[in-house]
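# Close look at the chain arrangement
The primary structure of each chain is shown beneath.
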Amino acid sequence: MDSDNIEISNKVRVLIVGAGLGGLVLAILLEKANIPYLVFERAVKIRPLGSAMQLNCNILPLFEQLGLYDQIRAIAKNVRETRVVNHKMETIGSIDASEVEERSGYPVLIVQRPELYDILVAMIPRNKIYMSRRVLSLEQDASIVKIRFSDNTVAQGDILVGADGAYSAVRQSLFRQMKLSGDLPESDQEDMTYSHICLVGTTLPVNPVKYPMVLEADCKHIILMGDKAPYSLWCFTVPGNRICWNLTIQLKKETSKSDEAFRNSEWGPEATESMCAEVAHFKSPYGGTLGELLDLTPKELITKVMLEDKLFQTWTNGRVVLLGDACHKMLLSGGQGAINAMQDAIVLSNLLNELETTQLDDIQSVLQYYQKLRYKHAEYNVKASKQLGKALMGQTLFEEFFRKVTLNYIPKFVIRKMLDRNGVYRPQSTIVPQVPVRGIVKAIPQSPSWQTASSMASTSSSSSLRSVTALTRKRLRSATSSSSATGSKSTVSV
Ligand SMILES: Cc1cc2nc3c(=O)[nH]c(=O)nc-3n(C[C@H](O)[C@H](O)[C@H](O)COP(=O)(O)OP(=O)(O)OC[C@H]3O[C@@H](n4cnc5c(N)ncnc54)[C@H](O)[C@@H]3O)c2cc1C
């Protein structure tokens, strides 16, 4: 690895771990801001889940700012309704999203995730993404942060962003150190639990005679609730006569990766195949069985995932900060996990763009302000996705009842209010020109800049922005002695 082509500037040098949607959007925005960065991804090549992805007014303004809106609309279908049916194909209820575009200024779009990735990856210079770089651990002191990879090489910078997903190695390494020093809150020490497993895939183009819904201009989004087995099967039509499907199976009890049951189970390709065989007879909301959709889906586009759910309290410490699923993992039912990861990237890059020093105090203050700005929005979405999960995936008697009430008896004006509430948070990048705020529902005003916030905080005696830094600095100094990066084959600096 070499770093000869990295421009030297007085801006911070950022290491991004993970080329998921959060990491990629951060890289795009840092590129626009001319902030030095590198992305490190463990996979040999970027291989997103072959699933559908919902995008709405919470993130589409950013794509409009980046000049990508038309490109994204070209690979998308609009979702105006989500219908929930039982195994006899009788409608249990539906969510009407037909007014969302008028009210929020943007449609609800469904795209195939790999196509969205292609658009985003094309905006990042290839020499700034290092593939096959699996991060194992981190070390930081008052002046630098280092990450060590599985091949024993090292990279160093001023800030480390853990955008490495639900089982983030950055988070685990950071939390191990914080636990040793007694700084990790109790709830962050608990395992992440999951109550659903999920099989997802996207078919090749299907025969419109058998699946006429693929010819409709809008996405036909139907969820079928299983009868004897505790499953829900979500189907979406996407451009190119293809069908994205998600099968979720509710487990009898919440479990975690460290549970015996998990350790004894297999999660490799064989496990995916055996799960496919077990569920092939499940009914599909488009008629026929899931097996028929599986037959039309290339094996490499089928993935088995767990659906965890946890909001971590600690998002940052010293020079390290977390983003996306690494700090707030939410159920897929709200269609908000990736949107929140990308919103994190917007807010974080806006703040990093204001940072003209590499001083730990300032870095720490900016990273804490990032968490402060983002935490309550992520918290809202973790909770909302859980509630929606009860209605759209739940299989207990109570959840069945809750589903019927939610989808049938909540007055239209309340549903409209809930949809409006979801749409008010639309952060924009301050690095690229802003786009007008669209729609008839007022958006939450853009957050104050870090400089404005810190000048306000410095006039207050109870400034949370400044109080922690001295303590952190002291801790980092004492950690320095035990954290030297010896024995590595090579080091890359941003
Ligand atoms: C079936 C399904 C459907 C979904 N639908 C939606 C939707 O419609 N809308 C929505 O907003 N969200 C949706 N989500 C949620 C969304 O997928 C996640 O919230 C989102 O992908 C999180 O992005 P991220 O960048 O934080 O992490 P990830 O996408 O998990 O990316 C993390 C990256 O880090 C890499 N990595 C991990 N460990 C290391 C390491 N040690 N070293 C280097 N690299 C590493 C991984 O390989 C990966 O590329 C859905 C989720 C599922 C499972």
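Model, not experiment: these values are computed from the prediction.

Attention shifts here to unusual backbone geometry. Its identity as a non-glycine residue notwithstanding, methionine 89 has a phi of 70°, on the positive side. Relative to the elements of secondary structure, methionine 89 occurs in the loop between β5 (81–85) and β6 (91–96). By the C-beta count within 10 Å, which is 13 here, methionine 89 ends up partly exposed. With a phi close to 55°, serine 132 is a non-glycine residue in the positive phi region. With respect to the helices and strands, the residue serine 132 is situated in the loop between β8 (129–130) and β9 (135–140). With 13 C-beta atoms packed within 10 Å, serine 132 lands in the partly exposed category.

Near the ligand there are 36 residues, and of these Gly18, Gly20, Gly165, Gly324 and Gly337 occur at the shortest range. Looking at the shell around the ligand, the elements that each hand over two or more residues are α1 (21–33), β3 (52–55), β13 (193–202) and α11 (337–352). For the shell around the ligand, the element with the most residues is α11, which contributes 4 residues. Residues belonging to the shell around the ligand are distributed by class as follows: 18 nonpolar, 12 polar and 6 charged. Two domains each donate at least three residues to the shell around the ligand, and these are domain 1 (14–48 + 113–191 + 310–447 + 467–488) and domain 2 (193–308).

A word on the sheet that holds strand β12 (residues 159–162). With mixed pairing, 6 strands are arranged side by side in an open sheet as β8-β2-β1-β12-β20-β19. The open sheet is flanked by β8 and β19 (316–317), the only strands paired with a single partner. Sheet topology note: the strand β1 (residues 14–17)/β12 ladder contains 4 bridges and is parallel. In the strand pairing of β12, valine 17 is matched with glycine 162. Relative to the sheet, helix α6 (residues 169–180) contacts β1, β12, β19 and β20 (320–322), its axis offset from that of β20 by approximately 125°.

Further remarks concern the pairing of β3. Taken residue by residue, a regular strand's side chains alternate between the two faces of the sheet. Here β3 shows two buried faces, one formed by Ala52 and Gln54 and the other by Met53 and Leu55. Direction of pairing for β3 relative to strand β7 (residues 109–112): antiparallel, over a ladder of 4 bridges. Residue alanine 52 lies in a different strand from β7, and its bridge partner there is glutamine 112.

Our focus in this paragraph is the UniProt feature "transmembrane region" (unreviewed entry) in the protein chain. When the UniProt feature table is mapped to this numbering, "transmembrane region" (unreviewed entry) covers residues 12–30. Measuring from the first to the last C-alpha atom of residues 12–30 gives 10 Å, for a span that is 53% helix and 21% strand.

One key point about sheets: their strands pair by backbone hydrogen bonds, in either a parallel or an antiparallel sense. Strand order in the open sheet formed by 3 strands is β3-β7-β4, and the pairing between neighbours is antiparallel. Looking at the sheet topology across the chains shown, the edges are occupied by β3 and β4 (76–78). Neighbour to neighbour, the strand axes of the sheet diverge by 30° on average, direction disregarded. Pairing between β4 and β7: 3 bridges, direction antiparallel. What sits directly across from alanine 76, in β7, is valine 111. Sitting on the sheet, helix α5 (residues 113–121) is in contact with β3 and β7, with an inclination near 80° to β7.

Overall, the predicted model of the protein chain reaches an average pLDDT of 87, with 87% of residues at or above 70. Predicted confidence is poor over residues 1–8, with pLDDT under 50, and the contacts of this stretch with residues over four places away or in other chains come to 9 contacts. Low pLDDT, under 50, characterises residues 479–488; the stretch is placed with 13 contacts to residues that sit more than four places away or in other chains.

Positionally, arginine 242 belongs in strand β16 (residues 242–256). Sequence spacing of arginine 242 and proline 205 is 37 residues, and the spatial spacing of their C-alpha atoms is 4.6 Å. Non-local contacts of arginine 242, meaning those with residues more than four positions away in its chain, are made with Gln112, Thr202, Thr203, Leu204, Pro205 and Val206.

Another aspect to go through is the nonpolar core. Within the largest apolar cluster, 127 residues are counted, with the highest numbers of intra-cluster contacts made by Ile16, Leu26, Val161 and Leu323. With 12 residues, the single largest contributor to this core is helix α12 (residues 360–392). If you count residues domain by domain, this core takes at least three from each of domain 1 (14–48 + 113–191 + 310–447 + 467–488) and domain 2 (193–308). With residues near it in sequence (within four places) discarded, isoleucine 16 still touches Gly23, Leu26, Ala27, Tyr37, Leu38, Val39, Val161 and Ala163.

The subject of this paragraph is the packing of α1 against α11. Where α1 contacts α11, the axes come no closer than 8 Å and their chain directions differ by 25°. The orientation of α1 relative to α11 falls into the category roughly parallel. With respect to the hand of their crossing, α1 and α11 are arranged in right-handed fashion. Along the contact surface, α1 presents Leu21, Gly22, Val25, Leu26, Leu29, Leu30 and Ala33, while α11 presents Ala338, Ala341, Met342, Asp344, Ala345, Ile346, Leu348 and Ser349. Along the lines of polarity and charge, the residues of the contact of α1 with α11 split into 12 nonpolar, 2 polar and 1 charged.

Thresholds, definitions, all that
Residues numbered from 1 in each chain as written. Predicted model: local features only at pLDDT ≥ 70, side-chain atom pairs only at ≥ 80, totals over all residues. Helix = DSSP H or I, 4+ residues; strand = E, 2+ residues; numbered from the N terminus. Buried ≥ 20, exposed ≤ 12 C-beta atoms within 10 Å, placed from the backbone. Near = placed C-beta within 6 Å. Nonpolar A, V, L, I, M, F, W, Y, C, P; charged D, E, K, R; others polar. Domains from an automatic or database assignment. Pairing = 2+ DSSP bridges. Contact = placed C-beta atoms within 7 Å. Axes fitted to C-alpha atoms, helices over the stretch in contact; angles between N-to-C directions. UniProt positions renumbered as here; feature names shortened; annotations may be inferred. pLDDT = per-residue confidence, 0-100. Core = buried A, V, L, I, M, F, W, Y, C linked by C-beta atoms within 7 Å. Parallel < 35°, antiparallel > 145°, perpendicular 65-115°, else oblique. Left-handed = near helix turned anticlockwise from the far one by under 90°.

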